[in-house]
There are 2 protein chains.
Amino acid sequence: MSTLPKQFLLGRPLRSSQMGETLLPKRLALPVFCSDPLSSVAYATEEILLILALGGTALFHLAWYVGVAIIVLLVVVIASYRQTCYAYPNGGGAYVVSAENLGRNPALTAASALLVDYVLTVAVSVVAGVAAITSAAPSLSKHAVALSVGFTVLLAVMNLRGVKESGRIFAIPTYGFVIGIYAMFAFAAVRMALGHTIRAESAILPVHSAGTYTGLALVLLGMRAFASGCTALTGVEAISNGIPAFLKPKSKNAAMTLTIMGIMSITMFAGITVLALVYKVHVASDPTELGLPAGADMPTALAQIARASFGDWTFLFYYVQAVTAGILILAANTAFNGFPPLTSILAQDRYLPRQLHNRGDRLVFSNGIILLALAAIGLVIAFKADLSSIIQLYIIGVFISFTLSQGGMVRHWKRELAGTTDPAARRHMRRSQAINASGAVVTGIVLVIVLVTKFTHGAWIVTIAMPVLFLLMKAIRRHYDSVAEELRVDAGARPEPPSGNHAVVLVSRMHAPTLRAVGYAQSIHPSSIEALTVGVDDSETEALRREWELHGLEVPLVVLDSPYREITRPVLDYVRRKHHESPRDVVTVFIPEYVLGHWWEGIMHNQSALRLKARLLFTPGVMVTSVPYVLSSGKKYKYKERGVKASSK
Amino acid sequence: MSTLPKQFLLGRPLRSSQMGETLLPKRLALPVFCSDPLSSVAYATEEILLILALGGTALFHLAWYVGVAIIVLLVVVIASYRQTCYAYPNGGGAYVVSAENLGRNPALTAASALLVDYVLTVAVSVVAGVAAITSAAPSLSKHAVALSVGFTVLLAVMNLRGVKESGRIFAIPTYGFVIGIYAMFAFAAVRMALGHTIRAESAILPVHSAGTYTGLALVLLGMRAFASGCTALTGVEAISNGIPAFLKPKSKNAAMTLTIMGIMSITMFAGITVLALVYKVHVASDPTELGLPAGADMPTALAQIARASFGDWTFLFYYVQAVTAGILILAANTAFNGFPPLTSILAQDRYLPRQLHNRGDRLVFSNGIILLALAAIGLVIAFKADLSSIIQLYIIGVFISFTLSQGGMVRHWKRELAGTTDPAARRHMRRSQAINASGAVVTGIVLVIVLVTKFTHGAWIVTIAMPVLFLLMKAIRRHYDSVAEELRVDAGARPEPPSGNHAVVLVSRMHAPTLRAVGYAQSIHPSSIEALTVGVDDSETEALRREWELHGLEVPLVVLDSPYREITRPVLDYVRRKHHESPRDVVTVFIPEYVLGHWWEGIMHNQSALRLKARLLFTPGVMVTSVPYVLSSGKKYKYKERGVKASSK
């Protein structure tokens, strides 16, 4: 990208020393890191009901048990991650914790799980946000894919601008959502206390059950509903990844933010689930199961609850839909905050290409942001922005990383305990270890439940993608290791000048760049020097030879015949042969190049020099020197100097 | 393209010395160079009737006069070009003749006209060929664009394989078409002699005239019909362009081929026009004007004549449609034979980019072939393969180049006459000059008629395209001239070595390639030497500085601060400043590069070296030396040697 449009889109570049400016106070950290877990209450209840609806409305009472189980799970997981906040003040993502406590392969497993799930977070959240919009404005339904892609691009651009500004922009819909949901509860409570009986618009619709569920089938269906509801837990780990972005005291602020988030999540999820059951919200994955015509618009469960709760106050319904869409789309931002630092750490550990390690103009990990956006857009398009399909792939990765992370924490406390004698500290550590142990066991059990109940519904894709990522990262590491091994020099190794240097000046015509190259080649005092040309057209070659004599150069002109009119191959062969004759010497190829100012001028001149240079690089023992001759149009080539300081020490 | 698929598509490369093999005997030259003029009889009659139909069937009798006028024109033009064949045995295209006799601007005018018309020849012929196919198989109508594009690509590939093989493949449909048309005449004559009254299928359809034409309007309509019929003349000049491809005696063979082509063209055109009038073929540009429903399939006039002539012998009808489609699609080949050599000559004269001058693997002008195919495909898609629209752009260029070419020949004979005293020779020359003069006058008049009658029907596009091409070619020439002027050296000029050479070795880390680059830089005995690194990450920079000391190199390490994490800009600024300090010296930048074997390995390593090299080339007084360090994966990089001989003279 050229400088101006890039600056317009991303803001002006930041100096490395401006790094500290991007730290976050709690009130901004909450929207930045918690929009994912907070927003997932917008669809978690609906996902539970969608599964139970397979057995008809008679099974909806199971939602009470499922809801309670999920709240318990939330408490356990949040309590566990609070321990991590204190133990890893520099960021205790599942990858870091697993790497430190469980070793390389568990860490990479956690990393692949996280990478896959970040991508899914973006896809699921954006698609769910668009569903909230289309619930309020059904005419937009047919543009769901385009809207989802557009919002993903928007998020990527905002993140490329930098964390702090993002925090401010994201605060509004996040707090707006929380306020909207609590207002909805208050409205519902007051109206019910006044004796109103509130029913959802779908309460009168029949639910055609897909079959009768009893015994083991019933248990499995309940477990599948539970697994779907577990979407409410996604993103809880984001805070523990992002501790370095908090203001000091980092750990305490992070743990506090986590607790606030947990309280908000649990109350909102509980309230929405209660209202859904009280209002008798009926949902189904296909409108025909509700006796509606195929293709009919179905508002989300939350949209129905909001409409019923607010009654005639419809502008409040639209407000809730707007902030729901807002927070859902921004929930994707949690992934944009988690994915790039993770890929940067992985790149530093040489498990991913090193471009992912560098910070861009705005001090964010630009390449990671772009990679995440592209992957999510691919998913949205592949699944045609259908939430029920994408959500099947979700959560597995989350619970893999939960389990590994909590397991790692158990090990962490064991090590800490071994080195501590103070009884108070030990008591504290034992308590933490117990919390993490229960977290590991519970999330492990949930992982099995999710895997079993969702495998055939699409989760198998993730169980392929994750090992592929795992193996890819191992292969990248192997590659970097082998390159590093080849490049390594022993301490105190000295440069060894070549014993001889044979200069070969490539010549196409007799003109100023050629003379300049010959002059320069002579000035480096090579052991031998010759000019080399490839004869494609006999008359041109003859003319060159005559001119060469005319100028009376001491450098002999070698002509290579090229019956197939190639340039690159004869030169390569000649240079190789020259190197084979004296393998301890080097051959330096001088390429006279005239430099033009505009890209379109390049079209008018043969680019064989470029091809040849690329191929010569692959020839051992050959140095390639470009001798540029800058034409007047090339001298116009402008560029702005920016304050740069040289320090010679 | 990699070697194997390319060889499969195009055949194995030919040696330059195999050039002679591609010469053509008359019987192959006729289909190669004459499929355009021969095939245009397939639509010329129909185009005349389409215009006359605007005034209703009452005006069809005008077709007799129009037909005779076109035949006279054909005789004049062919007689004129026979003179060119003798006068320019090395190829006497309009460009060459105009350049030699009329000067630079008329020659470029002719060239732009020819280039535009070659593109149109491909588009018109291919689209008309597809129309012949859809006349016999109406179900293919909706694929007309795809079919046209497909045939154009096919032609391009055949031409990339080389002229001779093309000749063989093209002989079958060309001779098949001529035989088919003559057979059709014979059938018609015999059946009419036996007393049959033959009528076309459309004879019973009413023709709704667009208006009443009398006086000047009638004359203009007649002239417009004549202009449309002039499509029969396109491609006549192809032989005079292609004389070098004939077997010896080239001029005589070419003139003879031209005459044979003329006789075939005139008889076929006359016969088809007579039959169209006798059979009462009714045509219109829109089916509703014939009382048919909109969108109804309308067979071409030739298809109707063939169907009526052969009566129950329907397989002969299908035969004629097949060979008509064949010759029309191959007529496009005339352009593929004319366009690439013309662009090659223009490139040699530096009016077009020089890539168009070179012969490819199969000794044909590959780039010209590809350019022509792309332009024609663009036209076909832009005009949705609609013949009546594209044909409006046609012919203007042809008659511009006819007029210029014949005018140039008049000048040519004048010059020849001035240098000749032999009375017999002078008589001969005077006769030739008279023929060319009448050719110039007649084609000039036709050009005016075509311009006037077709301008508002689409010809204006060509009157814009041609001057644009003209100016573009002049600009390209100006560019090459100014570059050549800058590059020019005086005879006897000697290379001037720089007075000093400051070596700058770029360093990112301390590894083997760095040591190698330092060693090589020391070996060229520079006036000064230093190592340069850009500090992006403080800890990494510090580590590098320590390692540098550890190795005890005599070369000082300069660290550039880069607060914006850029690499290229600080290095450029530093090198520029260095050059400014001593402008008469050069700065040589040594870039240690490690070379990987696979393109995907490049993804895993920063490509900043590549960007930097490109930018350094623009900095005056800077030499760039790549010091490659080939890794084991790079050494695997295979390439086949092909017999290459070096000759040092």
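Residues numbered from 1 in each chain as written. Chains lettered and ligands numbered in written order. Predicted model: local features only at pLDDT ≥ 70, side-chain atom pairs only at ≥ 80, totals over all residues.

Participant: Help me understand the overall build of chain A in this model?
Facilitator: Within chain A, the secondary structure is distributed over 24 helices and six strands. Computed over its C-alpha atoms, the radius of gyration of chain A comes to 33 Å, more than 25% above the 26 Å expected for a compact globule of 649 residues. Referenced to the eigenvectors of the C-alpha coordinate spread, the extents of chain A come out at roughly 110 × 70 × 50 Å. Classification of the 649 residues of chain A by burial places 50% in the buried group. (Helix = DSSP H or I, 4+ residues; strand = E, 2+ residues; numbered from the N terminus. Rg over C-alpha atoms; globule rule 2.2 N^0.38 Å. Buried ≥ 20, exposed ≤ 12 C-beta atoms within 10 Å, placed from the backbone.)

Participant: Sorry, what's going on with unusual backbone geometry here?
Facilitator: Excluding glycine, most residues fall at negative phi; most peptide bonds, likewise, are trans. All names here are of chain A. Here K248 and P249 are connected by a cis peptide whose omega angle stands at -5°. With respect to the helices, strands and loops of the structure, P249 is situated in the loop between helix 10 (238-241) and helix 11 (250-278). For A385, which is not glycine, the phi dihedral falls at a positive 55°. Examined against the element boundaries, A385 turns out to sit in the loop between helix 14 (366-382) and helix 15 (387-390). Not every positive phi belongs to a glycine, and I395 is a case in point at roughly 75°. Examined against the element boundaries, I395 turns out to sit in the loop between helix 15 and helix 16 (396-418).

Participant: How should I be thinking about the pairing of strand 3 (residues 557-561) of chain A in this particular structure?
Facilitator: Two faces make up the sheet, and in a regular strand the side chains alternate between them. Residue and element names in this part refer to chain A. Sheet analysis places strand 2 (residues 528-535) next to strand 3, joined by five bridges and oriented parallel. When the sheet's bridge partners are listed, A531 is paired in strand 3 with L557. Handedness of the crossover joining strand 2 and strand 3 through helix 20 (residues 538-550) is recorded here as right-handed. (Pairing = 2+ DSSP bridges. Right-handed = clockwise from strand over helix to strand, strands pointing away.)

Participant: Please explain the environment of A:R565 as it appears in this structure.
Facilitator: Tracing the backbone through its elements, the reader meets A:R565 in the loop between strand 3 and helix 21 (568-581). Here the alpha-carbon distance between A:R565 and A:K252, two residues 313 residues apart in the chain, equals 73 Å.

Participant: Looking at this structure, I do not really get helix 17 (residues 423-454) of chain A. What am I missing?
Facilitator: Since the α-helix packs 3.6 residues into each turn, any two residues three or four apart lie on the same face. An ideal rise of 1.5 Å per residue puts 46 Å on 32 residues; helix 17 of chain A measures up with 46 Å between its terminal C-alpha atoms. Burial in helix 17 of chain A covers these residues: A:S432, A:I435, A:N436, A:G439, A:A440, A:V442, A:T443, A:V446, A:L447, A:V450, A:T453 and A:K454. (Expected span 1.5 Å × (residues − 1).)

Participant: What exactly am I supposed to notice about the packing of helix 7 (residues 144-161) of chain B against helix 14 (residues 366-382) of chain B here?
Facilitator: The relative placement of two packed helices is expressed as an angle between their axes plus a distance between the axes. Residue and element names in this part refer to chain B. Helix 14 packs onto helix 7 with a crossing angle of 175° between their chain directions and a minimal axis gap of 10 Å. Between helix 7 and helix 14, the interaxial angle falls into the category roughly antiparallel. Contact residues: helix 7 offers V145, S148, V149, T152, V153, A156, N159 and L160, while helix 14 offers S366, I369, I370, A373, A376, I377, V380 and I381. Its residues assigned to classes, the contact of helix 7 with helix 14 shows twelve nonpolar, four polar and no charged. (Axes fitted to C-alpha atoms, helices over the stretch in contact; angles between N-to-C directions. Parallel < 35°, antiparallel > 145°, perpendicular 65-115°, else oblique. Contact = placed C-beta atoms within 7 Å. Nonpolar A, V, L, I, M, F, W, Y, C, P; charged D, E, K, R; others polar.)

Participant: In this structure, what is going on with the packing of helix 12 (residues 301-310) of chain A against helix 13 (residues 314-348) of chain A? I would like to understand it.
Facilitator: All names here are of chain A. Put simply, helix 12 and helix 13 touch, their axes get as near as 8 Å, and they point 155° apart. As summarised for this structure, helix 12 and helix 13 are arranged roughly antiparallel, according to the angle between their axes. Between helix 12 and helix 13 lies a crossing whose hand is right-handed. Contact residues: helix 12 offers L302, A303, A306, R307 and F310, while helix 13 offers T314, L316, F317, V320, Q321 and T324. (Left-handed = near helix turned anticlockwise from the far one by under 90°.)

Participant: Whenever I open this one, the pairing of strand 4 (residues 586-595) of chain A confuses me. Can you help?
Facilitator: All names here are of chain A. Buried residues dominate strand 4, accounting for nine of its ten residues. Pairing of strand 1 (residues 501-506) with strand 4, which is carried by five bridges, proceeds in the parallel orientation. Across the sheet, V504 pairs through a bridge with V589, a residue of strand 4. Relative to strand 5 (residues 622-630), strand 4 is paired through nine bridges, and the arrangement is parallel. Directly across from V595, in strand 5, lies its bridge partner V630.

Participant: Looking at this structure, how should I read the confidence of the model for chain A?
Facilitator: It should be kept in mind that the predicted coordinates are not to be read in detail where pLDDT is low. Residues and elements named next belong to chain A. Averaged over chain A, the pLDDT score is 85; the fraction of residues at 70 or greater is 90%. Model confidence for chain A, summarised as mean pLDDT per element, is weakest for strand 6 (residues 646-648) at 36 and strongest for helix 11 at 94. At the level of chain-chain contacts, confidence expressed as ipTM amounts to 0.71, with global pTM at 0.70. (pLDDT = per-residue confidence, 0-100.)

Participant: Explain the environment of A:A325 here, please?
Facilitator: All names here are of chain A. Topologically, A325 is positioned in helix 13. Each C-alpha atom, one on A325 and one on R411, is 41 Å from the other, the two residues being 86 residues apart in sequence. When sequence neighbours within four positions are dropped, the list of residues in contact with A325 reads G129, A132 and I133.

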